[in-house]
Amino acid sequence: MTAHDDVAVLGGAATLPAYRGRGAQHRLLRHRLRVAAESGCNLAVATAQPSSTSMRNLRISGFRIHHRPAWKLRRRPEGRCRRTGVE
């Protein structure tokens, strides 16, 4: 988790396969939200794969789900970025 002013950004987290289904991700998510609130954050954001256990846990923890398409960078044939011209 990182904090940017009053916004907590919950980075990726994973549970080892042998330990899945025991509530570890949900408890860790609740802990990180508690730490964020204690640090003065009043908004938290996260990303998750649609219809995943992670998305379910975010919803259970009170997140409002916003669906958006994934972004894909298009490159010109000569290898330059379309908008910036950066190599």
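Refer to the structure above for everything that follows.
In what follows, the accompanying structure is described. What you see is a predicted model, and the numbers here were worked out from it, not measured in a lab.

### A look at unusual backbone geometry
The backbone of aspartate 5 shows a phi angle near 55°, a positive value even though the residue is not glycine. Relative to the helices and strands, aspartate 5 resides in the loop between strand S1 (2–4) and strand S2 (7–9). Owing to a relative accessible area of 77%, aspartate 5 belongs among the exposed residues under this scheme. Despite not being glycine, serine 51 has its phi angle at roughly 65°, a positive value. Positionally, serine 51 belongs in the loop between strand S3 (43–45) and helix H2 (53–60).

### Details of the side chain of asparagine 57
Along the chain, asparagine 57 turns up in helix H2. On the basis of relative accessibility, which here comes to 6%, the residue asparagine 57 falls in the buried class. Looking at asparagine 57, its side chain comes within polar contact range of the side chain of glutamine 25, at 2.5 Å.

The rules behind these values
- Residues numbered from 1 in each chain as written.
- Predicted model: local features only at pLDDT ≥ 70, side-chain atom pairs only at ≥ 80, totals over all residues.
- Heavy atoms only, no water.
- Helix = DSSP H or I, 4+ residues; strand = E, 2+ residues; numbered from the N terminus.
- Buried < 20%, exposed > 50% of the residue type's maximum accessible area, 1.4 Å probe, protein only.
- Polar contact = N/O pair within 3.5 Å; in protein donor to acceptor, adjacent residues only side chain to side chain.

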